[in-house]
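Fold and geometry: a report
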Amino acid sequence: MHFGLSEEQEMIVKTVREFVENEIYPHEAEVERLGHVPLELGEEIKRKVIDLGFYASNFPEEAGGPGLSHVDFALVERELGRGSMALTHFFGRPQNILMACEGEQIARYRDPAVRGELMDALAMTEPDAGSDVRGMKTTARREGGDWVLNGTKHFISGAEHADFVIVFVATGEETAGNGMVKKQITTFLVDRGTPGFTIRDGYKSVSHRGYKNMILEFEDCRLPDAQVLGKVGGGFEVMNDWLYATRITVATMAVGRARRVFDMMLDYAAQRKQFGQPIGRFQGVGFQIADSITEIDAADWLTLAAAWRLDQGLPANREIASAKVYASEMLARVTDRAIQVYGGMGLMDDFPIERFWRDARVERIWDGTSEIQRHIISRDLLRPLGA
């Protein structure tokens, strides 16, 4: 077993980390204050990433991407996790499910997204359908040879900048092997400006300010068959590919953010003095530092191991779920400890610690709650035993 990074991987880490420190950190306070990323700033970041050769780093070479392995991409995402998500959004990682594009869809959507000419957003969650994806009420019905979409999506990240959205809707019902009737899900590509499609501001969140969530409304939005991504009724196949990628992303970014917080906590514990000595010498502080680095390292290896399994073509559903639940919960513990080490100053906006603490809370919810991850893990272990 070899746990070291190759020379190329070390270069990936160094390059992305320097980019985040030089191009992302300086703008974080402004974005936090504004609550959004000025479009010209986002475009500037995107241009620099394209020049760097890292745009669409989650895509294979045959699709115009750099062809990184799953482990390589996990390292990229880990370093991006150190920066504001609102800003690193423009680092550009189009939805990997665009690999399902066929025919004219490749030239119209996938390739321009990979080149950075178009930006996409993914719409799955609804007011009454979060973890229960098949509970979605947004529907598409056949009418005059077209599909007519009606319904609402919310908590849609990146939609304010998107040129098109990838939308999951119910298109009928099907009978499962156990005799239960369930909704059939189909994926559609919908251009901004399509009649009957509206994008409006969502809710004001305490987590990841500037990384806005939007509400999408479909009212008799008419689409031809050419806008179906994948097969009619095959939305769950497309969805599972996306969830694999996003759950590893949440885990890796949580590790990166935790390491940034840890570095700040460590420096503060070494420099801040009380009772005539650095506070890090007191066990109450030193033990929190020890626990934090142990958990960060554990989350890091767990996540990279899950990515490695994908590279080897091995089943990784349970391992990805384990990485997501552990890393997201680890980040919550580390940021909370950092607040405690900083004391009252940790809650002041003079330091970014309170921002990391707020941002950490949502990681246990989106892209599959901690409860959903534990369900995946337990079912993976129990199902082979007939339980």
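Described in the following lines is the structure provided in the data block.

What counts, and at which threshold
- Residue indices begin from 1 for each chain and proceed along its sequence in written order.
- A pLDDT threshold of at least 70 governs which residues receive local features in this predicted model, and a stricter bar of 80 or more applies before side-chain atom pairs are shown or counted, although totals over entire chains, interfaces and linings include all residues.
- Hydrogens and water are ignored here; the side-chain numbers use all heavy atoms of the structure.
- Helix and strand definitions follow DSSP, with helices as H or I runs of at least four residues and strands as E runs of at least two, each counted in order from the N terminus.
- Computation of the radius of gyration draws on C-alpha atoms alone. For the globule rule, the value is 2.2 Å times the number of residues to the power 0.38.
- Reported accessibility uses the Shrake-Rupley method at a 1.4 Å probe radius. Residues are deemed covered only where the shown protein chains occlude them.
- In this description, strands pair whenever DSSP reports at least two bridges between them.
- In this analysis the probe radius is 1.4 Å and the grid spacing 1 Å, with only protein atoms considered; a cavity is a set of points the probe fits into but cannot get out of, a pocket is an open set with protein on both sides within 12 Å along at least five of seven lines, and lining residues have an atom within 4 Å of a point.
- Grid points are joined across faces, edges and corners, and a volume is the space filled by probe spheres set on the points.
- Under the scheme applied, nonpolar residues are Ala, Val, Leu, Ile, Met, Phe, Trp, Tyr, Cys and Pro; charged residues are Asp, Glu, Lys and Arg; polar residues are all the others, including Gly.
- Residue exposure (1.4 Å probe, protein chains only): buried if accessible area is under 20% of the type maximum, exposed if over 50%, otherwise partly exposed.
- Distance and chemistry together define a polar contact, namely a pair of N or O atoms within 3.5 Å, with one atom able to donate a hydrogen and the other to accept it when in protein, and with adjacent residues in sequence counting only for side-chain atoms on both sides.
- In this analysis, two residues are considered to be in contact whenever any of their non-hydrogen atoms come within 4.5 Å of each other.
- By nonpolar core we mean a set of buried residues, namely Ala, Val, Leu, Ile, Met, Phe, Trp, Tyr and Cys, connected to one another through side-chain atoms within 4.5 Å.

What follows concerns the overall build of the protein. Secondary structure assignment for the protein yields eleven helices and ten strands. At 22 Å, the protein has a C-alpha radius of gyration in line with the 21 Å of a compact globule built from 387 residues. Considered along the principal axes of its C-alpha atoms, the protein spans approximately 80 × 55 × 40 Å. When the accessible area of the protein is evaluated, it comes to approximately 18,100 Å², of which 52% is carbon and sulfur surface.

Take the pairing of strand β4 (residues 164-175) next. Pairing of strand β1 (residues 120-123) with β4, which is carried by four bridges, proceeds in the parallel orientation. In the sheet register, L122 faces β4, and the bridge partner there is I166. Judged from the eleven bridges that link them, β4 and strand β5 (residues 181-191) form a sheet pairing that is antiparallel. Bridge pairing in β5 links T175 to V181.

Approximately 360 Å³ is the volume attributed to the second largest pocket. Along the wall of the second largest pocket there are 13 residues; nearest its centre are H2, F3, W301, L304 and W308. Partitioned by chemical class, the residues of the lining of the second largest pocket number eight nonpolar, four polar and one charged.

Most of helix α4 (residues 70-80) is tucked away: ten of the eleven residues are buried. All buried positions along α4 are accounted for by V71, D72, F73, A74, L75, V76, E77, R78, E79 and L80.

With that settled, the discussion passes to the side chain of E77. In this structure, E77 sits in helix α4. With relative accessibility at 3%, the residue E77 sits in the buried group. Engagement of the side chain of E77 in a polar contact is seen with the side chain of R93, the distance being 3.0 Å. Within the structure, E77 has its side chain in polar contact with the side chain of T249 (distance 3.0 Å). Apart from the residues lying within four places of it in its own chain, the contact partners of E77 are R93, T249, T252 and M253.

This next bit is on empty space enclosed by the protein. According to the stated counting rule, one finds three cavities of 30 Å³ or more in the structure shown. There is about 70 Å³ of room inside the largest cavity. In terms of lining residues, the largest cavity is bounded by E28, V31, E32, S84, M85, A86, H208, R209, Y211, R355 and D359. Only α2 (28-34), α5 (85-88) and α10 (353-360) provide two or more residues apiece to the lining of the largest cavity. The biggest single contributor to the lining of the largest cavity is α2, with three residues.

So, on to the nonpolar core. One finds V16, I45, V76, F91, L98, F168 and L189 to be the most contacted residues of the largest nonpolar core, which totals 47 residues. At the level of secondary structure, the elements contributing two or more residues to this core comprise α1 (7-24), α3 (39-52), α4, α5, α6 (104-115), β4, β5 and α7 (235-271). The leading source of residues in this core is α1, at five residues. Ignoring any residue separated from it by four or fewer positions in sequence, one finds F91 in contact with V16, F19, I45, V49, F54, Y55, V76 and L80.

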